[in-house]
Amino acid sequence: MLRIADVGRNDVVYDLGCGDGRIVISAASIFGARGVGVDLDPRRIEEANAAARSAGVSGRVRFVVQDLFKTDFSEASVLALYLFPEMHARLLPKIRAEMRPGSRVVSYQFGIGDWIPDATEGIWTGELRGEIFLFKLPPR
């Protein structure tokens, strides 16, 4: 997901529904980006913070217990999603309103409403087959 989004040192990666934080931690440790993970489950946020400390990236990432629909992700240059399609569709107006032109949204497995992706990539991990969708915010 991070590779297709072309994440770099100047990016701020937000992961909505971050779980154990692996996307945000990888963005920081592999690509040098900063990141924010958002999840409703406090135990998952504790796990993510512990994993960030273990990876040595606590200073570049933060994790918050928060409703993703109440999260301000206007600072994000990359938004990572692995949510149900209905959630993606509900998020679309918020994404378009808050994110800056040129920002990227990368989604695993599901598209985002009627938004046509700029790129897609199939992946294989063992027996799991998935698809990654990349969307770029157009000029306003």
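Just so it is clear, the structure is predicted and the values come from calculations on it, not from any experiment.

**Student:** Looking at this structure, how should I read the nonpolar core?
**Tutor:** Membership of the largest hydrophobic core comes to 21 residues, with the highest contact counts inside it found for F73, L79, L81, I95 and V105. Of all the secondary-structure elements, those providing two or more residues to this core are strand 1 (12–16), strand 2 (34–39), strand 4 (78–81), helix 3 (85–98) and strand 7 (128–136). Apart from residues no more than four positions distant in its own chain, I95 is found in contact with F73, L79, L81, V105, W115 and L137. Membership of the second largest hydrophobic core comes to 15 residues, among which are L2, V78, V106 and L134.

**Student:** What exactly am I supposed to notice about unusual backbone geometry here?
**Tutor:** Apart from glycine, the bulk of residues carry a negative phi angle, and the bulk of peptide bonds sit in the trans form. A positive phi angle is found at D6, which is not glycine, with a value near 55°. Mapped onto the fold, D6 is located in the segment before strand 1. On the basis of relative accessibility, which here comes to 61%, the residue D6 falls in the exposed class. Look at Q109: it is not a glycine, yet its phi comes out positive at around 80°. As for its position among the elements, Q109 is in the loop between strand 5 (104–108) and strand 6 (119–125).

Cut-offs used in this document
Residues numbered from 1 in each chain as written. Predicted model: local features only at pLDDT ≥ 70, side-chain atom pairs only at ≥ 80, totals over all residues. Heavy atoms only, no water. Core = buried A, V, L, I, M, F, W, Y, C linked by side-chain atoms within 4.5 Å. Buried < 20%, exposed > 50% of the residue type's maximum accessible area, 1.4 Å probe, protein only. Helix = DSSP H or I, 4+ residues; strand = E, 2+ residues; numbered from the N terminus. Contact = heavy atoms within 4.5 Å.

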